[in-house]
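Chain and residue survey
Below are the chains, spelled out letter by letter.
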Amino acid sequence: MDYFTEEHQILRETVRDFAENELKPRAAELDEKHIFPLEAFKQMGELGFLGAHIPEEYGGAGMDLTSFIIIMEEVSKACGSTAITLAAHTSLCAYPLYRFATEEQKRKYLPPLCSGEKMGAFGLTEAGAGSDAGATKTTAVLEGDYWIINGDKMFCTNGSAADVLVITAKTDPTQPSSYGISSFIIEKEFAGFKPGKDEDKMGLRGSKTSQLFFDNMQVPKENLMGIEGEGFKHFMETLDEGRIVIGVMALGIAEAAFDAAVAYSRQRVAFGKPIARQQTIQGYIADMATQLEAARLLIYEASRKLDQGKRVTKESAMAKLFASEVANFVTDKAIQIHGGYGYSAEYPVERYYRDQKLCEIGEGTSEVQRIVIARSVLGKF
Ligand code: CAA
């Protein structure tokens, strides 16, 4: 099946050109010095990437999800830190606003997010509510014209840099676990909002992964996002889209590692010939290529289905699960093919290995994806 139109192909070439020239040369330094990719973020705003699949009437580029997936694949090949920053902003903040916010909220918040004037983030995870996202302890109580929110979030991508965040809080404590949770749009200026420390991470070290504290945070009544009590479902549906995005991020990083390994195997000589002519290396390359192709098909099929308006809970979980495990395999083998040089920071493959690992954890661990897939297959019993 051909997933791409002529517009998709042209878009890919444009993004690849930008990513190769603007992102790839800076990627190692961003990682090494923990530099947040703010400059790249602004450039991506000018290029229309930040609101790629948001309609033009809200300041977006009006493209389909497949277009955003193409953008993510090319950006991920060049720089993982920039890719995760883009993913959290567009897929986890602008997208749920577009899907679930009121018309007034969309008109207020989406245009500056799509242009890059403002940065977005998504706060779901808490210390005791990671895989068990329904166990959220953050509370919101309506007092007059304000929701008073107390609690904290962690592992929030873009958290300390964001101007606008969508978060969850329990509004009806009488409801069990995943129920009675609502979603809110908050601004960094709201009284009682305090970003905490950024994590020192194994990979994606240019990106920010932050703690957030809400100390009697005052959120105007009208900033409840969509319908009260539907927050858990909003966030789960957002993750149905977001998991395709993390899947393609894993794919992009793995493709970069694969390209590096193939190039290295052609030029590295051992036992009198390029190692690409050794059968063991050829076996690795064949397995890497096959797994990448399978991951690509799962990702673009899930994206095509979402573009057709279909529910993709199972498909997105499969795409993310498979692609992230493939990325682990491919980046590991890329290091192996490079031998000692692969373990050295002189070559980029060790960064690809560190960067891809997040994809087996963020937006639902591989274990959670298996729960989601098994439930889709078996139904609840
Ligand atoms: N779409 C629509 N509705 C959904 C849904 C979906 N994908 N998934 C669940 N729901 C609905 C269910 O239908 C149910 O509603 P009804 O009773 O009305 O039918 C309700 O939500 C509760 O569903 P479950 O009983 O399945 O809820 P659960 O508590 O058992 O959820 C879980 C289990 C699937 C494991 C879920 O908790 C989950 O996905 N956990 C992982 C969370 C995750 O991915 N976190 C990472 C976030 S990323 C982050 O925070 C950091 C960052 O910046 C990137």
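Residues numbered from 1 in each chain as written. Predicted model: local features only at pLDDT ≥ 70, side-chain atom pairs only at ≥ 80, totals over all residues. Heavy atoms only, no water.

**Quick notes on the packing of aromatic side chains**
- Within this structure, the stated rule accounts for eight aromatic pairs.
- Measuring from centroid to centroid gives 6.2 Å for Tyr58 and Tyr98, while their planes differ by 50 degrees, and the two rings are tilted. Remark: Tyr98 occurs in helix 4 (residues 80-100) and Tyr58 occurs in the loop between helix 2 (38-47) and helix 3 (65-78); sequence separation between them is 40 residues.
- For the pair Phe122 and Phe235, a centre-to-centre distance of 4.4 Å together with 20 degrees between the ring planes defines the contact as stacked. (Phe/Tyr/Trp six-rings, centres within 6.5 Å; stacked < 30°, edge-to-face > 60°. Helix = DSSP H or I, 4+ residues; strand = E, 2+ residues; numbered from the N terminus.)

**Side note on the domain arrangement of the protein chain**
- What the domain assignment lists for the protein chain is domain 1 (6-118), domain 2 (121-229) and domain 3 (232-378).
- Put simply, the middle of domain 1 and the middle of domain 2, counted by C-alpha atoms, are 23 Å apart.
- At the interface, 24 residues of domain 1 touch 21 residues of domain 2.
- Summing both partners gives a buried area of about 1,900 Å² for domain 1 against domain 2, and 64% of it is carried by carbon and sulfur.
- Looking at the side of domain 1 facing domain 2, the largest losses of area belong to His34, Phe36 and Tyr109, adding up to 28% of the total buried there.
- Summed over the shared surface of domain 1 and domain 2, the result is two salt bridges. (Domains from an automatic or database assignment. Contact = heavy atoms within 4.5 Å. Buried area = accessible area lost by both parts, 1.4 Å probe. Salt bridge = Lys/Arg side-chain N within 4 Å of Asp/Glu carboxyl O.)

**Digging into the environment of Gly231**
- Checked against the element boundaries, Gly231 lands in helix 6 (residues 231-267).
- The buried category is assigned to Gly231, whose relative accessible area is 0%.
- In the structure, Gly231 is positioned 123 residues away from Lys108 in sequence and 20 Å away in space, judged by C-alpha atoms. (Buried < 20%, exposed > 50% of the residue type's maximum accessible area, 1.4 Å probe, protein only.)

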